[in-house]
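Chain and residue survey
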2 protein chains.
Amino acid sequence: MTSETRTVIFTPSGRRGQVEAGTTVLEAARQLGVDLESVCGGRGICSKCQIEPQFGTHSKHGITVSEAAISGWNATEARYDEKRGLKQGRRLGCQAQILGDLVVDVPEESQLHRQVVRKAADTRVIHMDPATRLYHVEVAEPDMHEPSGDLQRLTEALSEQWGIGAVETPLSVMTRLQPILRKGAFRVTVAVHDDGDAPARLLDLWPGLYDGGLYGLAIDLGSTTIAAHLCDLTTGNVIASGGRMNPQIRYGEDLMSRVSYVMMNPGGDAKMTAAVRTAISELTVELASEAGIESQTIVECVIVANPVMHHLLLGIDPLELGQAPFALATSDALRLAVRALEITGVNAEARAYLLPCIAGHVGADAAAVALSEAPGEQDELTLIVDVGTNAEILLGDRNGVLACSSPTGPAFEGAQISAGQRAAPGAIEAVRIDPVTREPRFRVIGEERWSDEPGFDANVTGICGSGIIEVVAEMRQAGIVDASGLIGSAEQVGSDRVIAEGRTHAYVLHEKDGRQIRVTQGDIRAIQLAKSALYAGARLLMDERGVDRVSRVVLAGAFGAHISPKHALILGMIPDVPLEQVTSAGNAAGTGARIALLNRSARAEIEATVGQIRKVETAIEPRFQEHFVAANALPHAVDTFPELRAITSLPNVSYGAGGGEGERPRRRRRKS
Amino acid sequence: MTSETRTVIFTPSGRRGQVEAGTTVLEAARQLGVDLESVCGGRGICSKCQIEPQFGTHSKHGITVSEAAISGWNATEARYDEKRGLKQGRRLGCQAQILGDLVVDVPEESQLHRQVVRKAADTRVIHMDPATRLYHVEVAEPDMHEPSGDLQRLTEALSEQWGIGAVETPLSVMTRLQPILRKGAFRVTVAVHDDGDAPARLLDLWPGLYDGGLYGLAIDLGSTTIAAHLCDLTTGNVIASGGRMNPQIRYGEDLMSRVSYVMMNPGGDAKMTAAVRTAISELTVELASEAGIESQTIVECVIVANPVMHHLLLGIDPLELGQAPFALATSDALRLAVRALEITGVNAEARAYLLPCIAGHVGADAAAVALSEAPGEQDELTLIVDVGTNAEILLGDRNGVLACSSPTGPAFEGAQISAGQRAAPGAIEAVRIDPVTREPRFRVIGEERWSDEPGFDANVTGICGSGIIEVVAEMRQAGIVDASGLIGSAEQVGSDRVIAEGRTHAYVLHEKDGRQIRVTQGDIRAIQLAKSALYAGARLLMDERGVDRVSRVVLAGAFGAHISPKHALILGMIPDVPLEQVTSAGNAAGTGARIALLNRSARAEIEATVGQIRKVETAIEPRFQEHFVAANALPHAVDTFPELRAITSLPNVSYGAGGGEGERPRRRRRKS
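Residues numbered from 1 in each chain as written. Chains lettered and ligands numbered in written order. Predicted model: local features only at pLDDT ≥ 70, side-chain atom pairs only at ≥ 80, totals over all residues.

Per an unreviewed UniProt entry, chain A goes by DUF4445 domain-containing protein and derives from Palleronia caenipelagi.

Here is the structure:
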């Protein structure tokens, strides 16, 4: 039957072609470019290439498949089934031969480029194409008459059996090579890292067939928190997630205070570098332990961070980022050994990939958001706001993308707020205030009921970021706060929940056992500063683009997911759009890191994209200051927010007359 | 004058061409492919491109050069001359413009590919083409509107100003980049390593113009001694040389005893690895201190070693090298960070290059000898013997090269010899014995006079390797020792310098203050074993090649340089050739290391050569044992050594009859 051909159709890809009768299904898949996994290279030991022949009539394809179209079980398959069990209807693609016209289904788990569908609202799909993969090879045994190193015979085998060309081998692998080769009787499984840019690299090896999985970390290194996902590099699944405070916080809450710390304390950068590296190492150990995997199996880390965090992680003094012209030491994506970052708890040869920085104030985290949200592929003009201590803002569509960052400070994260706290059990996360009675009700983290529902009995400890946004917006909507941000007196507001605090007022949101949770005038001011910076950054990009409106707003950042769009609009954090056009992208920077971890071509993609993004430097743009001042009002001194007004009305109160703050009259004039 | 052309001729290269009038000499040199050095890239600050215009009539070239053929001094040249002085007749090639037909001489020190002529008998020339070079670049200053990292602007400058493409930058350079760039007002000198195989790498940088030199180490890591040359990577000069004992000696004198040590003592390899790394680090510090250079300026190490030393240096357990099939863990040339070898005292990013190993018993040291002595380029069949604890033997000519190694043991280096010692002041290094009186005279290291000359008054401490070879050969020639290696009795020999030692005899070479320096029967046996191994290895290669004679013998190894060819022939260490065909190559392995250090294309060359060499494994070749036994006699039991007999006669004595060693009769039968 050597020269006869058979028709073979693979589903779900629909690939179709002619192969010689007697060809194995795995070989046919390779010939036709069908994604069919194999670690052992067709030796019938890894079981990754399982397929399902589809017997019967396939009118869609115009062929009928008989039982005789595929060879019967051979000894290898029978042995495999006996030892490890083969699911009903399944065959090993490397053993089963195509004898007649055949339709073959490749189940999800046998597909080389699996797709991982992100959870929740997301529809973006990650195509699995990890940089580090396992290969099983049979290595020629040493021969005195043709002396060559064990390593050279191993790399020859990789080339012959897997088509992998030049491979660099680190010393730590060379030193372990000989005993492992002999333990596996010259059959070994190697982990090869090849992200398409750097030379391929042999990261590790195991005797015989290793099937214990390879893992990678996607790390979002923020000013306040460090978040990490531990991912299976074969399935793409997140097997553990976690986070912790960035320990650098003790040297300064926001970026600029950390840069100042370095300026004032020579060597302070080294302390912060060590602190963050230790924190990441500890987090890594925690996640590996939670997932029950060996640290040796973690072979890659993808890290995203803003420029100051990025430089401090690398051990670069961030001094230049604190002063014009805000020069990055290095802006390109970085490929280096995790070891060089002194991060432990991973494979000794694990590789790190840091996404490129966009500009001195727009970091690799913003690049990750761009990778995840792909503003440059949108039909509608989309504003993406990654809310954090420093906000990264992207504006774009198919015609181009603009980026800037804005120093919002940590108020949105509950810092600098009198009753502020991290999002943790006991924190108020949602607030409603009755516009008539000015009485509040709220919900706290860890308790499903609202505070006015029967049985509510939470220990209320403070207000987290989303709670503070909601309470300020609700206070504005209930007329407790006026457009300039002033809290009226109890008399003016008509509520004894308003109490005097020196020359200003505060609103008592909760009281129990004599302890009050208040929203003070200072809290309102802090939120005003933060939201003005955010809005001004967005507005600057709109100016650059020459538009007054955007079509969509995407709130990114772990925190962005918890922001109520309506309350954000009432505060004027974001430009006015129809409420349904405000969506959340979750932790888009973290998702971008995960995409770059699981798909190596995404790395080249974002590196090219970043080169195309137009950067706007808020710090030197005179209009930023102008936009910032105008954005101080709630929602805004100039922009009328018609979409917001269509769904809600804001009371036209003004508490400035009785107050003592000098700037108020000027602001009110602007508003009028 | 824009479109007029001028004839320019460069000497000594003789390159000739037309250039546009007004072209600088440096630019003309580049256009015509003339080697003219420049570090600053033509900015008139490095002074490397000095040239000498040759005025007057050049009948050979058919042109006359007038004073007006070259532009007068400009401000840059005048300032340079004032500050640093320009030699009479010299001009800066980057400033002087060609205005008329011109002959330009490029002095030796301005040539990019300088030639370094090796000293002494050697005629081989090393073309300077180091892998690491300095480049002065002007980097664009940061621009907020076009944000890119300082590193990216630096690499762009390297590409634009020097044509250097992709450059990898290690983290340690990134972290120092920003302050250095600013200190140099965005002009820096960078050291770029590019040996043609690995990606180019930015090893270090200095503010402004750095002119302090770059250095490299050529290290010959032997079983007994470690020798190193510290070389100037610009001139090729050796600026310091030194050596020390290999501290692994405490774990075993020869290779196999060190492998045994590892087998018997788990973790013993790590101890030996640490010991040799520390020794190299200390030697490096010593050499840098002697030469008065900063350790940071040492940017490369080339290391040659036999396979066991090579593996132990790398931290690879040499176990497999101690048993058939003698598999190397890795045989190819290695490029890695010196840091990975835990060798200190060099630049943090210094690169190491290890020559390839030829086979399990024929190491990178033999490859270095092949690079230095180039057996494959010889017209005459040449035997190259690198004498050490393990002898590497190469046999070849243009028709091909064969290689093997032979376990001679350390006897030739004075070890295992009763009065043996290292070659140091006080050691007997040359011996003559009067064939009539059997009275010796000798010369010791550190004293020019022979022992029988008036005024000789050295403190004689022992016999070094060359001395032991000479004394045994002289004893054979004077009839004190017979062909089987037996020392006759005082009566048989007719000299009261022969004394009884149990059942054997010893020859008293020197006596002072009651302390005798003797040559014992055991010493003779040790030399016989060593020389038999050497000869048997050479003979095996001759068998493989199908010849009975070779045309030339080259003695390599630091020790080989001190061996008297005539005495070596009398002992039968080497095959019989006319005396004048035995030459010394000095430390050929060390020279090979130096060649690979100073000329990067030599690396590709030796890597290709090693692939062509045919390897012979002495340990499994049955004829080796046969050759070894036959070579036990002095000079040989079977081979007649006609060339030797033509210049000297060896007395036909035999002391076996009265002795008691059982093996003697058998040997004598073989001889008869």
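1. Quick notes on the overall build of chain A
Secondary structure summary: chain A contains 17 helices and 31 strands in total. Along the first, second and third principal axes, the C-alpha set of chain A runs to 100 × 65 × 55 Å. Buried residues in chain A amount to 52% of all 672 residues. Sequence separation of at least 24 residues holds for 68% of the intrachain contacts in chain A that already meet a minimum separation of 6. (Helix = DSSP H or I, 4+ residues; strand = E, 2+ residues; numbered from the N terminus. Buried ≥ 20, exposed ≤ 12 C-beta atoms within 10 Å, placed from the backbone. Contact = placed C-beta atoms within 7 Å.)

2. Examining unusual backbone geometry
Residues and elements named next belong to chain A. Threonine 11 connects to proline 12 through a cis peptide bond whose omega is 5 degrees. Position of proline 12 relative to the elements: it lies in the loop between strand 1 (5-11) and strand 2 (16-20). Note the cis peptide between alanine 324 and proline 325, where omega equals 0 degrees. Relative to the helices and strands, proline 325 resides in the loop between helix 7 (307-314) and strand 18 (334-337). Positive phi, close to 45 degrees, is recorded for alanine 374, a residue that is not glycine. Secondary-structure assignment places alanine 374 in the loop between helix 8 (364-373) and strand 20 (382-386).

3. Considerations on the interface of chain A and chain B
Facing the 34 residues of chain A at the interface are 34 residues of chain B. Every element with two or more residues in the side of chain A that touches chain B is listed here: helix 3 (150-162) and helix 4 (171-183) of chain A. Sorting elements by how many residues they give to the side of chain A that touches chain B places helix 4 of chain A first, with 5 residues.

4. Describing the domain arrangement of chain A
What the domain assignment reports for chain A is domain 1 (5-110), domain 2 (131-207), domain 3 (215-354), domain 4 (368-410 + 526-666) and domain 5 (420-517). The straight-line distance from the C-alpha centre of domain 1 of chain A to that of domain 3 of chain A is 44 Å. (Domains from an automatic or database assignment.)

5. Things to note about the sheet that holds strand 12 (residues 187-193) of chain A
Residues and elements named next belong to chain A. Spatially, 4 strands are ordered 10-12-13-11 in an open sheet, and the strand pairing comes out mixed. Taken across any chain shown, the strands that pair with only one partner, and hence form the sheet edges, are strand 10 (132-138) and strand 11 (167-168). Pairing analysis gives 6 bridges linking strand 12 to strand 13 (residues 200-207), with the strands arranged antiparallel. When the bridges of strand 13 are listed, valine 192 appears paired with leucine 202. The strands that helix 3 touches are strand 10, strand 11 and strand 12; relative to strand 10, the one it contacts most, it runs at about 100 degrees. Most of the contacts of helix 4 go to strand 13, to which it runs at about 40 degrees, and overall it touches strand 12 and strand 13. (Pairing = 2+ DSSP bridges. Axes fitted to C-alpha atoms, helices over the stretch in contact; angles between N-to-C directions.)

6. Re the pairing of strand 12 (residues 187-193) of chain B
All names here are of chain B. Of all 7 residues in strand 12, 6 are buried; the element is thus mostly enclosed. Two elements, strand 10 (residues 132-138) and strand 12, share 7 bridges in a ladder whose sense is antiparallel. From the neighbouring strand, arginine 133 faces strand 12, where its bridge partner is valine 192. Where strand 12 folds back on strand 13 (residues 200-207), the antiparallel hairpin that results is connected by 6 residues, among which glycine 196 adopts a positive phi of roughly 90 degrees.

7. Quick look at the relation of the copies chain A and chain B
For the match of chain A to chain B, the screw axis carries a shift of 0.0 Å, the RMSD comes to 0.2 Å, and the turn is 180 degrees. Given the turn and translation reported, the copies of this chain are related as if by a two-fold rotation axis. Closest to the rotation axis within chain A is the C-alpha of proline 199 of chain A, separated from it by 4.6 Å. The overlap is high: 100% of the interface residues of chain A also sit at the interface in chain B, so the same surface is used on both sides. (Least-squares fit on C-alpha atoms with pLDDT ≥ 70 in both.)

8. Details of helix 11 (residues 521-545) of chain B
Owing to its 3.6 residues per turn, the α-helix brings residues three or four apart onto one side. Residue and element names in this part refer to chain B. Here helix 11 spans 36 Å end to end across 25 residues, near enough to the 36 Å set by a 1.5 Å rise per residue. Counting buried residues along helix 11, 19 of its 25 residues qualify, which places the element largely inside the surrounding structure. Taken from the residues just after helix 11, glycine 546 is the one with a positive phi, measuring 75 degrees. (Expected span 1.5 Å × (residues − 1).)

9. Examining the sheet that holds strand 25 (residues 462-463) of chain A
Residue and element names in this part refer to chain A. Read from one edge to the other, the open sheet built from 3 strands follows the order 24-23-25, with strand pairing classed as mixed. Because the sheet does not close on itself, it has two edges, and the strands there are strand 24 (440-444) and strand 25. Note that strand 23 (residues 427-433) and strand 24 share 5 bridges and pair antiparallel. Looking across to strand 24, one finds that isoleucine 433 is bridged to proline 440. Where helix 9 (residues 465-477) meets the sheet, its contacts fall on strand 23 and strand 25, and the angle it forms with strand 23 comes to roughly 15 degrees.

10. Points about the environment of alanine 506 of chain B
All names here are of chain B. Note that alanine 506 resides in strand 27 (residues 504-512). Considering only alpha carbons, one finds alanine 506 and glycine 467, 39 residues apart in sequence, at a separation of 16 Å. Apart from residues lying up to four places away in sequence, alanine 506 is in contact with Ile487, Ile499, Glu501, Arg518, Val519, Thr520 and Gln521.

11. Digging into the packing of helix 8 of chain A against helix 14 (residues 601-612) of chain A
Residue and element names in this part refer to chain A. In contact at an axis separation of 10 Å, helix 8 and helix 14 are set at 110 degrees when each is read in the N-to-C sense. It follows that helix 8 is roughly perpendicular to helix 14 by the angle criterion. Relative to helix 14, the crossing made by helix 8 is right-handed. The segment helix 8 lies against helix 14, with Ala367, Ala370 and Leu371 engaging Ala602, Ile606, Thr609 and Val610. Of the residues in the contact of helix 8 with helix 14, the class split is 6 nonpolar, 1 polar and no charged. (Parallel < 35°, antiparallel > 145°, perpendicular 65-115°, else oblique. Left-handed = near helix turned anticlockwise from the far one by under 90°. Nonpolar A, V, L, I, M, F, W, Y, C, P; charged D, E, K, R; others polar.)

12. Observations concerning the environment of phenylalanine 186 of chain B
Residue and element names in this part refer to chain B. Residue placement: phenylalanine 186 occurs in the loop between helix 4 (171-183) and strand 12. Here phenylalanine 186 falls in the partly exposed class, since 19 other C-beta atoms lie within 10 Å of it. In sequence terms phenylalanine 186 and glycine 208 are 22 residues apart; their C-alpha atoms lie 7.8 Å from each other. The contacts of phenylalanine 186, once residues within four sequence positions are left out, are Glu138, Val139, Glu141 and Leu181.

13. A look at the nonpolar core
Ranked by internal contacts, the top residues of the largest apolar core, which has 349 residues, are Val385 of chain A together with Val385 of chain B. Apart from the residues within four sequence positions on either side, valine 385 of chain B is in contact with Ala391, Ile393, Leu534, Ala538, Val553, Leu555, Ala556, Gly560 and Ile574 of chain B. (Core = buried A, V, L, I, M, F, W, Y, C linked by C-beta atoms within 7 Å.)

14. Remarks on the environment of phenylalanine 412 of chain A
Residue and element names in this part refer to chain A. Note that phenylalanine 412 resides in the loop between strand 22 (400-406) and strand 23. A count of 29 C-beta atoms within 10 Å places phenylalanine 412 in the buried class. Between the C-alpha atom of phenylalanine 412 and that of isoleucine 563, which follows or precedes it by 151 residues, the distance is 9.8 Å. When sequence neighbours within four positions are dropped, the list of residues in contact with phenylalanine 412 reads Val387, Gly465, Ile469, Ala530 and Phe559.

15. Some details on helix 14 (residues 601-612) of chain B
All names here are of chain B. An ideal rise of 1.5 Å per residue puts 16 Å on 12 residues; helix 14 measures up with 17 Å between its terminal C-alpha atoms. Residues of helix 14 that are buried include every one of Ala602, Arg603, Ile606, Thr609 and Val610, and no others. Across the axial projection of helix 14, the buried residues extend over an arc of 130 degrees, all falling on one side. Exposed residues lying more than 90 degrees from the buried face of helix 14 are Ala608, Gly611 and Gln612. Those residues of helix 14 that are buried lie in contact with strand 19 (351-354), helix 8 (364-373) and helix 13 (588-598). (Arc of directions from axis to C-beta.)

16. Here's the deal with the pairing of strand 19 (residues 351-354) of chain A
Residues and elements named next belong to chain A. Of the two faces of strand 19, the one lined by Arg351 and Tyr353 and the one lined by Ala352 and Leu354 are each fully buried. Sheet topology note: the strand 17 (residues 298-305)/strand 19 ladder contains 4 bridges and is parallel. By the bridge assignment, valine 302 is partnered in strand 19 with tyrosine 353. Relative to strand 19, strand 18 runs antiparallel, the two sharing 4 bridges. Note on strand 19: the bridge partner recorded for leucine 336 is alanine 352.

17. Some remarks on the confidence of the model for chain A
Any residue range with low pLDDT should be treated as having predicted coordinates unsuitable for detailed reading. Residue and element names in this part refer to chain A. With 95% of its residues at a pLDDT of 70 or more, chain A has an overall mean of 90. Below pLDDT 50 for its whole length, residues 117-123 participates in 6 contacts with residues either more than four positions away or in separate chains. Across residues 658-672, where pLDDT falls below 50, the model places 20 contacts with residues more than four positions away in sequence or in other chains. Here the predicted complex carries an ipTM of 0.82, next to a pTM of 0.82. (pLDDT = per-residue confidence, 0-100.)

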